[in-house]
Amino acid sequence: MAALGWLTPRRRSATARSVLAGEASAEAARKSARPDAPPHAEPHAEPHTAPAPQQAPGTANGTGTATAAAAEPEPEFPVPGDDLAAAFFDLDNTVMQGAAIFHFGRGLYKREFFRRRELARFAWQQAWFRLAGVEDPEHMQDARDSALSIVKGHKVSELMSIGEEIYDEYMAERIWPGTRALAQAHLDAGQKVWLVTAAPVETATIIARRLGLTGALGTVAESVDGVYTGRLVGEPLHGPAKAEAVRALAAAEDLDLAHCAAYSDSHNDIPMLSLVGHPYAINPDTKLRKHARAHDWRLRDYRTGRKAVKVGVPAAAGVGAIAGGAAAAIALHRRRK
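Residues numbered from 1 in each chain as written. Predicted model: local features only at pLDDT ≥ 70, side-chain atom pairs only at ≥ 80, totals over all residues. Heavy atoms only, no water.

Caption draft 1: Main features of the side chain of His186. Within the secondary structure layout, His186 lies in helix H6 (residues 177–188). A relative accessible area of 1% places His186 in the buried class. What His186 contacts, discounting residues up to four positions off in sequence, is Phe77, Pro78, Ala87, Phe89, Gln191, Val193, Ala261 and Tyr263. (Helix = DSSP H or I, 4+ residues; strand = E, 2+ residues; numbered from the N terminus. Buried < 20%, exposed > 50% of the residue type's maximum accessible area, 1.4 Å probe, protein only. Contact = heavy atoms within 4.5 Å.)

Structural data, given as structure tokens:
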């Protein structure tokens, strides 16, 4: 049974390596962030659905049917002009269907960076990720080790250029419209929005820029003179390392984490979600859904069109949630035909 150990995720605490990874990611994010960081999407970013009016706390599922508990409208969120606030979005299965590292691997295979046997390995990892709906640290580490061995010796600039092409080929159509609307609500409020992912920071930065976001926190691969060495700085940005990255970036950007929001689908991101004053469970796995309900966190599920039975859903999750869920359901239906 030892060979199946990666099927059972284990909670990890922060270590010196995760702190190093977080600090390196925050430094890279600030260097690569758009200098102007305008509060709107770039012209080539994916279209988004406009936010719906703010719901009252007693409104269930965004349907407009108020319960007896509805009394006063919930304060507007995100708060326009709050320069102490920012939003942090997990990428895989939160902003985008599937895992960015797997889509990146497909694109590299198409460009003959590796052989069919390695492609089969990427395909299996992606299939497991989509079916299980969880991010296991050891499983994801295996995928990243594969990617690091593939990019070793290549120029950072070369992979960045290829990453732009891969985004268009495999990732652009997999963005959840509902989550995209949530991010846009923060941008419209004048806040910075960051992706936070275990994917390479270069890949994450491309995705963030194409979506019109501020920037991205991601795994930092070591490079010397612009060439990848095949090693990481610290460890993959996963679990506690994500929390360390958010903490380091917030300190550098003079943010108040109590004003900030974070969004994720995975229980592995509970450390990051617990840092902020406004945690949200998006497309949550079973453990995160249970934790979110126990701690009165907001829930939203775009995968099948169903919406979590939870009051106080944020403004952008109205029309955006409906559009996101409907788009996902149509896409799944078409794939099954």
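Caption draft 2: Spatial organisation of the nonpolar core. One finds Phe89, Leu108, Met171, Leu195 and Tyr263 to be the most contacted residues of the largest nonpolar core, which totals 43 residues. It is helix H5 (residues 156–171) that provides the largest number of residues to this core, a total of seven residues. Apart from residues lying up to four places away in sequence, Leu195 is in contact with Phe89, Leu91, Val95, Ala204, Ile207, Ala208, Leu213, Gly215, Ala216 and Leu217. Ala21, Cys260, Ala281 and Leu299 belong to the second largest nonpolar core, which has 30 residues in total. (Core = buried A, V, L, I, M, F, W, Y, C linked by side-chain atoms within 4.5 Å.)

Caption draft 3: View of the sheet that holds strand E2 (residues 192–200). Sheet architecture is open: six strands sit in the order E3-E2-E1-E6-E7-E8, paired in parallel fashion. Among the strands making up the open sheet, the edge pair consists of strand E3 (215–219) and strand E8 (298–300). Each strand of the sheet is rotated relative to its neighbour by a mean of 20 degrees, with strand direction disregarded. Bridge analysis of strand E6 (residues 261–264) against strand E7 (residues 278–282) gives four bridges, and the strand direction is parallel. By the bridge assignment, Ser264 is partnered in E7 with Ala281. Packed onto the sheet, helix H1 (residues 16–32) meets E2 and E3 and runs at close to 145 degrees relative to E3. (Pairing = 2+ DSSP bridges. Axes fitted to C-alpha atoms, helices over the stretch in contact; angles between N-to-C directions.)

Caption draft 4: Quick peek at the side chain of Thr219. Along the chain, Thr219 turns up in strand E3. A residue is classified by how much of its surface remains accessible, and Thr219, at 5% relative accessible area, is buried. A distance of 2.9 Å separates a polar atom in the side chain of Thr219 from the backbone nitrogen of Leu237. (Polar contact = N/O pair within 3.5 Å; in protein donor to acceptor, adjacent residues only side chain to side chain.)

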